[in-house]
Amino acid sequence: MELKFILESLLFSAQKPLSVKELRDVLASAAEHEDADATAKSLAKTREGELTAALEHLAFEHETAARSYRLACVAGSWQFVTQPEFSQWLRALVGVKLRPSRLSQPALETLAIIAYRQPITRAEVEQIRGVNVDGTMQTIMERGLVESVGRAEVVGRPNTYGTTALFLEYFGLRGLEDLPAADELRRIPVEKPPAPVTADPGLATAAPEQLKLESKEDEIKKEETTGEPTNPTS
């Protein structure tokens, strides 16, 4: 029995998309069952690379067969999906589910910047868009499309943001590598805030009075201008 047909049966019967790891766990669990045959036992330690290759081949076969459905990988998980051209009959069968309202143009622009430049701070997004993004950031975060992924190594250590797995599902992408080419967006320069001034590398930020020390020459010039000594002695 070929591996691809075993995977096909699992995905056909599953109630949700399955990742390669989940499929591998199913094969391992089947091999441990008391009535497992030789084939099941032989697949117990199938590598994830072999599973991915079998899934890719299965997806190709379904695509070339020109069926009403196909095998797709979305956000790292595999599932059978119907072709878009059959949507009107599917809506008549299952009805139209309530879906969140569509994203606005500003939200889509902000989301695109984050997708292509992540991890990125809110200030950097605003530099590229040229407008305040507080409202749009709140919208796309509430929709679960963007999340905080860390902190930037700059003054104040602001949050950095990136896209989520739900973002991939929303746009039907296998991964970020499937994003359309947008070299121009990637090349837009973003000015980083200056790093904290320190007395020595690795030390805490210096006190304000230590940040700029006047040279002896500056002191002499000041004394000549004002007529008063810059460092009078008592």
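The coordinates are above.
Keep in mind that what you see is a predicted model, and the values were worked out from it rather than measured.

Caption draft 1: Fine view of the sheet that holds strand 2 (residues 69-74). Read across the sheet, 3 strands follow the order 1-3-2 without closing on themselves; strand pairing throughout is antiparallel. In this open sheet, the two strands that pair with only one neighbour each are strand 1 (18-19) and strand 2. Across 6 bridges, strand 2 lies against strand 3 (residues 77-82) in antiparallel orientation. Across the sheet, A72 pairs through a bridge with Q79, a residue of strand 3.

Caption draft 2: Spotlight on a nonpolar patch on the surface. A grouping of F86, W89, L90, L93 and V94 is seen on the molecular surface, where their side chains present a nonpolar patch of about 530 Å² in accessible area. Turning to its location among the elements, F86 is positioned in the loop between strand 3 and helix 5 (87-94).

Caption draft 3: Broad picture of the pattern of salt bridges. A full pass over the atoms with the stated rule returns 8 salt bridges. With its nearest N and O atoms 4.0 Å apart, the salt bridge here joins K4 to E2. The exposure class of K4 is buried, given its relative accessible area of 10%. Its relative accessible area of 46% is what places E2 among the partly exposed residues. Through salt bridges with shared partners, one network takes in E2, K4 and E61.

Caption draft 4: Local environment of the nonpolar core. The biggest cluster of nonpolar side chains holds 20 residues, and the ones touching the most others in it are L111, I114, I140 and F167. Going through the elements one at a time, helix 6 (105-117), helix 7 (122-129), helix 8 (134-142) and helix 9 (165-171) are the ones with two or more residues in this core. Residue contributions to this core peak at 6 residues, all from helix 6. The residues contacting I114, other than those within four sequence positions of it, are I120, V125, M137, I140, V146, Y161, G162 and T163. Membership of the second largest hydrophobic core comes to 17 residues, among which are L3, L23, A54 and L55.

About the criteria used
- Residues numbered from 1 in each chain as written.
- Predicted model: local features only at pLDDT ≥ 70, side-chain atom pairs only at ≥ 80, totals over all residues.
- Heavy atoms only, no water.
- Pairing = 2+ DSSP bridges.
- Helix = DSSP H or I, 4+ residues; strand = E, 2+ residues; numbered from the N terminus.
- Patch = residues over 30% accessible without salt bridge, like charges linked within 9 Å, V, L, I, M, F, W, Y side chains within 5 Å.
- Areas by Shrake-Rupley, 256 points an atom, 1.4 Å probe, with all protein chains shown as cover.
- Salt bridge = Lys/Arg side-chain N within 4 Å of Asp/Glu carboxyl O.
- Buried < 20%, exposed > 50% of the residue type's maximum accessible area, 1.4 Å probe, protein only.
- Core = buried A, V, L, I, M, F, W, Y, C linked by side-chain atoms within 4.5 Å.
- Contact = heavy atoms within 4.5 Å.

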